Amino acid sequence: MKLRGRLTPIALGVLLGIGTVAGAAPSTSAADAPATQTRQADDVTRATLDNGLRVVIVRDALAPMVTTQITYLAGSYETPQGFPGTAHALEHMMFRNSSGMTGAQLNEMTGKMGAENNAFTTNDATQYFFLAPSQYLDVLLHIEATRMRGAQLTDKEWGLEKGAIEQEVSRDISDPGYLAFQQAERTLYAGTGYAEDALGSRPTFDATTGKVLQGFYDKWYVPNNAILVIAGDVEPQATLAKVKALFGSIAKGDVPARTPLKLEPFKPQTIAKTTPDATGAVQYAFRTPGQQSQDYAAMQVLMDVLNNSRSALAGLAAQGKVLSADAGVQPFAHGGIGIVEVGFPKGGDGKQAQAHLDGVIGDLLKNGVPADLVEAAKKQEQAQFEFNRNSPMNLASAWSQALAWQGLDSPQQALDQILAVTPADVDRVARAYLQPEQRLTVVLTPDPNGKRPPDSQGFGGTEKFASDDKLDTPLPAWAAEPLAQLQMPHWTLAPATMKLANGITLIVQPTHVSKTVTVQGRVDSDENLQAPQGQEGVGRLLGSLFDYGTTTLDRAAFHKALDGIAATETAGSGFSLAVPSANFDRGVQLLADNELHPALPQEAFGVQQQTLARTLAGQLQSPNYKMIRAFYKGVYPAGDPVLREATPQTVGSLKLADARDYFAKAYRPDMTTIVVVGDVTPEQARSVVEKYFGAWQASGPKPGVVPKPVPVNPPSYTVVSNAYASQDQVFMGQSLALDVHNPDHYALQLGNEVLGGNGFASRLMVDIRVKHGYAYGAGSGLRFGRSRSLFFVQYGSDADKVKPVDQLVRQNLDAMCDTPVKPEELLNAKQARIRSIPLEVSSVDGIARSLLSWSIDGQPLDEPMVAARHYLELTAEQVQGAFKKYVQPGNQAQVVQGPEPKQH
C-alpha cells in the first residue's frame, strides 16, 4: 500500500542495486444494464453506466498487457471527525476478505496471473490498480466488481489487519522529513479536512472499529462515486460489455455532499528537525491552488520553470552555492502544498543556504519569470502528454488524474489549460502564494543522535497482525478456469541489432504508439576496476560534469537547445534521450555532442568536487550507507575492488586532468551499446547514430570491466545504530558460485518465487507475517551478474522479533535445500514467472532498459522466452538441487539496522 505524493523508505535491495525478484456484488451474470453517454474517438471509448460508474477504455497495443485503475472519490478529506486514517485503513481492508473472494485467493490470483497490484490513498481519492497480461482482463474486472460492494469489514477482520497499517505508520513517522511535512500540513490547513495526512495515526487506528469502516465504505464506495479506467491491448466494445455485465447491477448510492474548504490565516514559522540523512535541507512550504482551480495549470508551469536547468534555482547547485535544489507540489483537489528546497552538507551553514534561496525567490517575485522558460515548460508538458502513450500504466494514470483529481473531461483538457498559461499568469500565481508571509520554513539538519517519536514503537505480535486466511481455498470458478492452462507468453519484440564500424552495438526496436523516440545507452565500465588507486570517486565526479554543456555549447546554451526540441537528456557512463520523433536527428546530435565532447570546465570541476566531498562526508556516516557497506564487507573478501570507497579525501585530491584521463580511457565506442525504441525505422536510427557517433574512435586494448568470481562468504553479523528508526531493518545474504550464463540460475529463480519472491503467497510471508505476525513483510531475491551473483533475504521487525524471525528464515532455507517444493507451489511459481514476462517490456522505457541490460550481459534479446522454456521444464527435484548446491543457510552475512540493534 502506498500514499501518493510522499516518498517511502527505499528498500535496501534497491540501495544495493539488487532488484527484488517478482514480484458485495459477487460475480454473477448481471443483467446487461445499458451504458449511457457512450463516446469513442482515437482509441478511447467512454461510457457512464446507469448506476453512475464512469468508464474509460483506452486501446494501446504496445504489449499484450492491460492495466485497470478504479478510483473512488473519497480520501482523508472525507473521513469522520477524529478518524483521519479511515480511507487508508479501508484501502488495506480491500485486500482482505470479500463476499465470494478471500484475501488469500486475491493474492494467489495476482501471483498466478503474473500481475502487479497495489493501491494508494490521497487526501481526495483512493485508487486500486493492476497491471497484468491482457488475457486476464475478465479476472481483473471480477476482482474489482467483487470488492466494490463485497468487502467484509468486521471487527475481527480489522483486528487482523490493524497491525499491518500500524507498522506502516510506525515506519513513516520515524522519518523526520515526513514529520516535518505533517506539521506543515496541519499548520497550512488547520481546521479543514486537509489538516491531517491520509496516512493516519496509531491512536486513531486503535479507536477504529468495523462499524466506522463500514460507514465510510457504504457512503463512498459506490459506482456513482467511482471512475474505472482500462488501458492496454483490449478490444474496447467487448471490454465495455464485460464491465456492464459485472458492474451494471451494483446499485448506486446516495453520495454525501462534500464539506467546502474554508482556510484560516496562519502565522509564518520555522519547523526545525534533525535527520539521519547524509545532507540537510531548507524548505519553504506554502499553499497552492487546488487541482480543480483555474490557477493550477499556472502553478504547474511555475514548478517546471523552477526546475528547469536554466533557472536561477538550479543555478544555485550548478554554482556550488547549495548541494541541491528542487521544487514540487503535493496537490489536493482543492488545495495543495508547494515545496521549494535547497540542500546543504552535514555540518554546513543552513542559514547561508536559506539566504541563497531567499535571493532566488525574491528576484522571482520582483522581476517575474523568464518568458522563454515558461515556453520551455509548456513544450515539455506537451511532449510528456505524448510520452504518456508509451506506457499503458502512464496512459491510464493520465486519465485517472484528469477525471478523478482535476475534475476535467480528459487529459487533453488538462494540457489545453497548460498551453493557455502566459508568463503573466505564472507571475500572478507566484506573487499570490510565494510571499514570505504565506509560507513556512522547514529546516532538516543532519545529526545521528536523534530520537524516534514516542508512538513509533513496534506493532506487536500475532494477536494484531497474523491472519486466519485459509491458504488452500480453491479459486472462484471465474478465475480457476482461465488460470489453469500455462502456455508460453506472447512475445512482441523483434529488434534489429547492428555493429557499427567503430564497435558500437546498436539495437533498434520500432514502436508506433506515439510520435516519440527513446534512446538509452551505456558505456560498459566499472570504476572500481578502472580508476587508478587513490582516485576513488573520479568516475562519479566526472559524471556530474556532463551537465555543464559541451566544447561548443556552454551549460546555458546546451540546455536551451534541449528545451527548443522538448527533449530530456542525460550523459555519462549511462546516457539517455527522450525526444519527439520529429526532433530525433537534432536530439541525437546534442546527445552525442554531450557524450563525446563534454566541456569539463575547470570552474565546474571545482564546484562539483567540493559538492561531492561534502556529500560524502555525511553519506559515509549515514545509517543506510553503513548498512550497505557492512553487507558488502560480509559478502566480498578483503581487498576486493567492490570494497573500494570514495571519501572526501580521495575526491579532494583529484585534479581535472584525472577526470579527463578517466574519460579518455573508460569511454570507448567498442564498449558502448545504444538502444533506440520508438517511432523510427532501423535504417533511420542507424543513419542518425552513425552521423553523430560514427567518428568516435577507441585506442588500445579493451579494458577489463568484469570482476573476478569470489568464493562463498563465511557467516557474519553486524549491527548498525539508527536512533531515528522505529524498528530493526534486517538484510542477510550470500554470494553464489554461478553467473547469469549458468542455466542453474533459472532453477534458483523459480525456487525463490516459492521462498520469498511471490508476495503474500511466498513461504517467508506466510510463515513470518501470516502465521506468526512477526513482521509487516519479508521477502527474498536474487541478482545474477556476468561473474558474480547474490542471494538475499530482507525484513523489518521489532528488535525482540529478530531472533525468532531469523530462526524461521533458517528453517525455510533448510527446507528449500532439503525437500522438493510441493507440486502446487511449483505450478504457482511457474505461472508467476512465465506470465509476468510481458510486464517488463510493457512500456517503451521498459523495452529499452531490458534490451540494453540483456545486450550488456551477453544474453539473447529474447532472454525472457529462453527463461520461460526453462521454467516449463524444471522439476521440483531440480529446484531443490539448485538450492542445495548454491545456497548455504549457514553462510549468511547479516546486517541489522535499528534504534538499539542487538548482537546475536
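Conventions adopted
Residues numbered from 1 in each chain as written. Predicted model: local features only at pLDDT ≥ 70, side-chain atom pairs only at ≥ 80, totals over all residues. Heavy atoms only, no water. Helix = DSSP H or I, 4+ residues; strand = E, 2+ residues; numbered from the N terminus. Rg over C-alpha atoms; globule rule 2.2 N^0.38 Å. Buried < 20%, exposed > 50% of the residue type's maximum accessible area, 1.4 Å probe, protein only. Areas by Shrake-Rupley, 256 points an atom, 1.4 Å probe, with all protein chains shown as cover. Lys, Arg positive; Asp, Glu negative; His and termini not counted. Charge placed at Lys NZ, Arg CZ, Asp CG, Glu CD. Bend = angle between axes of the 7 residues up to and from the residue. Core = buried A, V, L, I, M, F, W, Y, C linked by side-chain atoms within 4.5 Å. Phe/Tyr/Trp six-rings, centres within 6.5 Å; stacked < 30°, edge-to-face > 60°. Salt bridge = Lys/Arg side-chain N within 4 Å of Asp/Glu carboxyl O. Pairing = 2+ DSSP bridges. Axes fitted to C-alpha atoms, helices over the stretch in contact; angles between N-to-C directions. Parallel < 35°, antiparallel > 145°, perpendicular 65-115°, else oblique. Contact = heavy atoms within 4.5 Å. Nonpolar A, V, L, I, M, F, W, Y, C, P; charged D, E, K, R; others polar. Expected span 1.5 Å × (residues − 1). pLDDT = per-residue confidence, 0-100. Polar contact = N/O pair within 3.5 Å; in protein donor to acceptor, adjacent residues only side chain to side chain.

A. Expanded view of the overall build of the protein. Counting secondary structure elements, the protein contains 34 helices and 23 strands. In terms of overall dimensions, the protein is globule-like: its C-alpha atoms have a radius of gyration of 27 Å, near the 29 Å expected for 904 residues. Overall, the protein is about 70 × 70 × 60 Å in size when its C-alpha atoms are taken along their principal axes. Here the protein holds 904 residues, and the buried ones make up 60% of them. Total accessible area on the protein is roughly 34,000 Å²; 51% of this is exposed by carbon and sulfur atoms. Computed over 79 positive and 92 negative side-chain charges, the inter-centroid distance for the protein is 3 Å.

B. Representation of helix H28 (residues 744–757). Largest kink in H28: about 30 degrees, centred on Gly 751. Buried residues dominate H28, accounting for 13 of its 14 residues. Gly 759 sits one or two positions beyond H28 and adopts a positive phi of about 55 degrees.

C. Representation of the nonpolar core. Counting 62 residues, the largest nonpolar core has Leu 736, Leu 748, Ile 768, Phe 791, Val 809, Leu 851 and Phe 883 as the members making the most contacts within it. Counting 60 residues, the second-largest nonpolar core is a separate cluster that includes Val 66, Ile 143, Tyr 178 and Ala 479.

D. The packing of aromatic side chains, seen in detail. For the structure on display, the rule yields 24 aromatic pairs. Centre to centre, the rings of Phe 546 and Tyr 667 are 5.9 Å apart; their planes meet at 25 degrees, and the pair counts as stacked. Placement of the pair is Phe 546 in the loop between helix H20 (538–543) and helix H21 (555–564) and Tyr 667 in the loop between helix H26 (656–666) and strand S18 (672–678), with a sequence separation of 121 residues. Residue classification places Phe 546 among the buried positions, given a relative accessible area of 2%. An angle of 50 degrees between the planes, with centres 6.4 Å apart, marks the rings of Phe 693 and Trp 696 as tilted.

E. Layout of the pattern of salt bridges. Here the structure, examined in full by the defined rule, presents 34 salt bridges. Two residues, Arg 59 and Asp 233, come together in a salt bridge whose shortest N-O distance is 3.1 Å. Of this pair, Arg 59 sits in strand S3 (residues 54–59) while Asp 233 is found in the loop between strand S7 (226–232) and helix H9 (236–247), placing the two residues 174 residues apart along the sequence. With a relative accessible area of 34%, Arg 59 lands in the partly exposed category. Through salt bridges with shared partners, one network takes in Arg 96, Glu 157, Glu 161 and Arg 769.

F. Layout of the sheet that holds strand S12 (residues 439–446). Strand order in the open sheet made by the 5 strands is S8-S12-S9-S11-S10, with mixed pairing throughout. The open sheet has two free edges, formed respectively by strand S8 (270–275) and strand S10 (324–331), since each of these has just one partner strand. On average, adjacent strands in this sheet sit at an angle of 20 degrees to one another, irrespective of strand direction. Pairing between strand S9 (residues 279–287) and S12: 6 bridges, direction antiparallel. The residue bridging Val 282 from the neighbouring strand is Val 443, located in S12.

G. Region of the structure containing the packing of helix H31 (residues 823–835) against helix H33 (residues 863–873). Running from amino to carboxyl end, H31 crosses H33 at an angle of 170 degrees, the nearest separation of the two axes being 10 Å. By the criterion of interaxial angle, the relationship of H31 to H33 is roughly antiparallel. Here Lys 830, Arg 833 and Ile 834 of H31 lie close against H33, whose contacting residues are Ala 868, Tyr 871, Leu 872 and Glu 873. Looking at the contact of H31 with H33 residue by residue, the class counts come to 4 nonpolar, no polar and 3 charged.

H. Representation of unusual backbone geometry in the model. Not every positive phi belongs to a glycine, and Ala 566 is a case in point at roughly 55 degrees. Assignment of secondary structure puts Ala 566 in the loop between H21 and strand S16 (568–570). Under the relative-accessibility criterion, Ala 566 is labelled buried at 8%. Residue Leu 600 is not a glycine yet carries a positive backbone phi of 50 degrees. The residue Leu 600 is located in the loop between helix H22 (584–596) and helix H23 (602–619) in this model.

I. How the structure looks around H23. The terminal C-alpha atoms of H23, which comprises 18 residues, lie 25 Å apart, in line with the 26 Å expected from a rise of 1.5 Å per residue. Within H23, burial applies to Ala 604, Phe 605, Val 607, Gln 608, Gln 609, Thr 611, Leu 612, Ala 613, Thr 615, Leu 616 and Gly 618. Turning to H23, the residues buried within the fold contact S9, helix H11 (312–318), H20, helix H25 (648–652) and H26.

J. The sheet that holds strand S23 (residues 893–898), seen in detail. With respect to topology, 5 strands assemble into an open sheet ordered S19-S23-S20-S22-S21, the strand pairing being mixed. Strand pairing shows two members of the sheet lacking a second neighbour, strand S19 (716–721) and strand S21 (775–784), which therefore form its edges. Between one strand axis and the next, the sheet turns through 15 degrees on average, direction left out of account.

K. Structural view of the environment of Thr 518. Turning to its location among the elements, Thr 518 is positioned in strand S15 (residues 516–523). Placed 160 residues apart in sequence, Thr 518 and Gly 678 show a C-alpha to C-alpha distance of 6.1 Å. Excluding anything up to four places from it in sequence, Thr 518 contacts Phe 387, Asn 390, Leu 577, Val 675, Val 676, Val 677, Val 844, Asp 845 and Ala 848.

L. Region of interest: the packing of H28 against H33. Where H28 contacts H33, the axes come no closer than 10 Å and their chain directions differ by 75 degrees. One way to sum up the angle between H28 and H33 is to call them roughly perpendicular. Contacts between H28 and H33 involve His 745, Tyr 746, Gln 749 and Leu 750 on the former and, on the latter, Glu 863, Val 866, Ala 867, His 870 and Tyr 871. Partitioning the contact of H28 with H33 into residue classes produces 5 nonpolar, 3 polar and 1 charged.

M. Expanded view of the pairing of S10. Relative to strand S11 (residues 336–345), S10 runs antiparallel, the two sharing 8 bridges. Counted as the bridge partner of Val 329 is Gly 338 from S11. Between the end of S10 and the start of S11, which pair antiparallel, lie 4 residues.

N. A look at the environment of Pro 743. Among the secondary structure elements, Pro 743 is positioned in the loop between strand S20 (728–736) and H28. Taking the C-alpha atoms as reference points, Pro 743 and His 870, 127 residues apart in sequence, are found 8.2 Å from one another.

O. Representation of the side chain of Thr 208 in the model. Examined against the element boundaries, Thr 208 turns out to sit in the loop between helix H7 (202–207) and helix H8 (210–220). Residue classification places Thr 208 among the buried residues on the basis of a relative accessible area of 7%. If near-sequence neighbours (up to four positions away) are discounted, Thr 208 is found in contact with Phe 83, Trp 158 and Leu 213.

P. View of the confidence of the model for the protein. Chain-level pLDDT for the protein is 92 on average; 93% of the residues reach the 70-or-more range. Confidence drops under a pLDDT of 50 for residues 1–36, and excluding neighbours within four residues, the segment shows 105 contacts in the predicted structure. Within the model, the stretch residues 457–468 combines pLDDT values under 50 with 52 contacts to residues more than four positions away or in other chains.

Q. Molecular detail of the environment of Glu 569. On the secondary structure map, Glu 569 appears in strand S16. By relative accessible area, which is 14% here, Glu 569 ends up buried. Sequence separation between Glu 569 and Pro 641 is 72 residues; the distance between their C-alpha atoms is 31 Å. In this view, Glu 569 contacts Phe 558, Leu 562, Ser 576, Leu 577, Leu 590, Leu 591 and Asn 594; residues no more than four positions away in its chain are not counted. One polar contact links Glu 569 to Asn 594, side chain to side chain, over a distance of 2.9 Å.

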